[in-house]
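Working through the structure, step by step
Below, each chain spelled out in residue letters.
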Amino acid sequence: MLKNNPLQLSLSKSVFILLFAAIILITGCTSEEPRYRNVPVSIHLRRMKSDRDATADAAVEAVINMGAEAVPWLMEAWRRNEEITYRSRYARCFAAIGPDAIEALPMLTESLQSLDDDEISVAALAISGMGPQAAPAAPVLAELMATSEFTTQSYLLRAIGSIGPEAAGVAMEYVIEAADRDRTREDAIYALSNLGPLAIEAMHEWLQSGNSRQKIMACEVLSRTETNRQVYLPWLIDMFEDDDDRVRAAAARAIGEAGQDALVVVCDLIDALRDPDSDVRSSIVNTLISIGPEQFSDDLVNALTNRSPRVREGSIRVLMRFATLRDENESRFVARFDDSNVRVRSAAIEAVSGIGNSVIPRMIRLLDSDNVLVRFGAARVLGNLGPDARQAVPKLNELLQDRDSLVREEAENSLRKIRGA
């Protein structure tokens, strides 16, 4: 075996060092860089400048996955590249990394001082994910609301909303104004729903003395507000006295967003089922369903005999949406077959039909009832069950000779459905 020549070893080491240096020079990266899938952050930042959206988007996702480790590199890229296309991609990274990117806040706040609305927008976008820690930027964000164009205001509003109550003192006036403008309303509603007690009080003023549009907007803000529900739920209940059915429906939807917290106003909601507008009643029914009637089923059962037919109907429509409650109250629904109100009767028939084939024997027996409305209801339920109710055919055939024309007609319709004709 040949011995290693010291001169050859020295040359080999030199070549290796030169090659390594060349790789660093060409790639611009070192082993100390944060990596995603073994690719250094500098490479992803370079790809972020690609003209191909798919390449740039993949690079953005990679940097986001690196998290806080990538923030210093992002800051350097931001400073080196003022092109808005690139900065918008960096901003997406800052926003998604969120509070872990807070060290970039002074730099981004400085960018807010720009005269260019696009630069202000991307800086606000970057800040919008940092949450309450970005409160030092709130005064600048608020001041810019007065001078920026509508698209930029939307970004500013998102950043203000992200900061939350810490921004309320300096930004509330501007956010309220933005809520009254069509082009910024949605983002302003988001911001208001996060600004805490000051915003809730502002919404109370709108509910008390605002126009219909402002009241509806206040309901929407409160529907997205997850704090102080015990304070504002009674205000929303008061809205059921409003003359505008759109306001009443909006109040019902807002209460529904409170979930289990709305249990304290369930009795008020059931009482509101007497509302004259069908859309409002439908909204209240959906709200009661969203709360979960298992916890207040006794109130709904009691409402089945309420003096108001609208309340009776609404209670049925809530109970029938839950299999256990629907099955438990079969007899009570059947008792509503001869209700004085046609809508209540229809709801009861629909509820019993939803129970399924187990009601067929009982419905067949009810075809012999002395009550015309009960015979009619039983026949319709059997028709609704279709071919599964074929054992009822003999009795339904007898009903074709019933003394009441509506019963005869319903028996004929049911036979047609059972036979699949």
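Rules used in this analysis
- Residues numbered from 1 in each chain as written.
- Predicted model: local features only at pLDDT ≥ 70, side-chain atom pairs only at ≥ 80, totals over all residues.
- Heavy atoms only, no water.
- Helix = DSSP H or I, 4+ residues; strand = E, 2+ residues; numbered from the N terminus.
- Buried < 20%, exposed > 50% of the residue type's maximum accessible area, 1.4 Å probe, protein only.
- Contact = heavy atoms within 4.5 Å.
- Areas by Shrake-Rupley, 256 points an atom, 1.4 Å probe, with all protein chains shown as cover.
- Lys, Arg positive; Asp, Glu negative; His and termini not counted.
- Charge placed at Lys NZ, Arg CZ, Asp CG, Glu CD.
- Phe/Tyr/Trp six-rings, centres within 6.5 Å; stacked < 30°, edge-to-face > 60°.
- Lys NZ or Arg CZ within 6 Å of the ring centre and 35° of its normal.
- Core = buried A, V, L, I, M, F, W, Y, C linked by side-chain atoms within 4.5 Å.
- Expected span 1.5 Å × (residues − 1).
- pLDDT = per-residue confidence, 0-100.
- Axes fitted to C-alpha atoms, helices over the stretch in contact; angles between N-to-C directions.
- Left-handed = near helix turned anticlockwise from the far one by under 90°.
- Polar contact = N/O pair within 3.5 Å; in protein donor to acceptor, adjacent residues only side chain to side chain.

1. A short note on the overall build of the protein chain
Helix and strand content of the protein chain: 26 helices and 2 strands. Across its three principal axes, the protein chain shows a C-alpha extent of roughly 115 × 75 × 35 Å. Each of the 421 residues in the protein chain was classed as buried or not, and the buried ones make up 52%. Residue pairs in contact within the protein chain that sit at least 24 positions apart in sequence constitute 64% of those at least 6 positions apart. Here the protein chain displays about 21000 Å² of accessible surface, and carbon together with sulfur accounts for 49% of that area. Across the protein chain, the centroid of the 47 positively charged side chains sits 8 Å from that of the 62 negatively charged ones.

2. Describing the packing of aromatic side chains
Scanning the entire structure with this criterion turns up 1 aromatic pair. Arranged with centres 6.1 Å apart and planes meeting at 65 degrees, the rings of tryptophan 78 and phenylalanine 94 form a pair that is edge-to-face. With tryptophan 78 in helix H4 (residues 71-80) and phenylalanine 94 in helix H5 (residues 84-97), this pair connects stretches of sequence that are 16 residues apart. By the burial criterion, tryptophan 78 is buried, and phenylalanine 94 matches it. One cation-aromatic arrangement involves arginine 158 over tyrosine 155; the distance from NZ or CZ to the ring centre is 4.9 Å.

3. Quick word on the nonpolar core
In this structure, Phe94, Leu192 and Met363 are the most contacted members of the largest nonpolar core, which totals 142 residues. Here phenylalanine 94 is in contact with Val71, Leu74, Met75, Trp78, Ala101, Ala104, Met107, Leu108, Ala126 and Met130, once residues within four sequence places are set aside.

4. Observations concerning helix H12 (residues 197-209)
Its 13 residues place the ends of H12 19 Å apart at the C-alpha level, agreeing with the 18 Å of an ideal helix rising 1.5 Å per residue. Residues of H12 that are buried include every one of Ala199, Ile200, Ala202, Met203, His204, Trp206 and Leu207, and no others. Considering only its buried residues, H12 is in contact with helix H10 (168-179), helix H11 (185-192), helix H13 (212-223) and helix H14 (229-238).

5. What to know about the confidence of the model for the protein chain
Parts of the model with low pLDDT should not have their predicted coordinates read in detail. For the protein chain, per-residue confidence averages 92 on the pLDDT scale, and 92% of positions sit at 70 or higher. Counted against residues more than four places away or in other chains, residues 13-30, with its pLDDT under 50, gives 13 contacts.

6. Structural notes on the packing of H10 against H12
At a closest axis distance of 10 Å, the pairing of H10 and H12 adopts a crossing angle of 35 degrees. Seen along the crossing, H10 lies across H12 with a hand that is right-handed. The segment H10 lies against H12, with Ala168, Gly169, Met172, Ile176 and Ala179 engaging Leu198, Ala199, Ala202, Met203 and Trp206.

7. Digging into the environment of arginine 248
Topologically, arginine 248 is positioned in helix H15 (residues 245-256). Counting along the chain gives 98 residues from arginine 248 to serine 346, while the straight-line C-alpha distance between them is 25 Å. In this view, arginine 248 contacts Met239, Phe240, Asp242, Asp243, Asp275, Pro276, Asp277 and Val280; residues no more than four positions away in its chain are not counted. Of note is the side chain of arginine 248, whose polar atom sits 2.9 Å from the backbone oxygen of aspartate 242.

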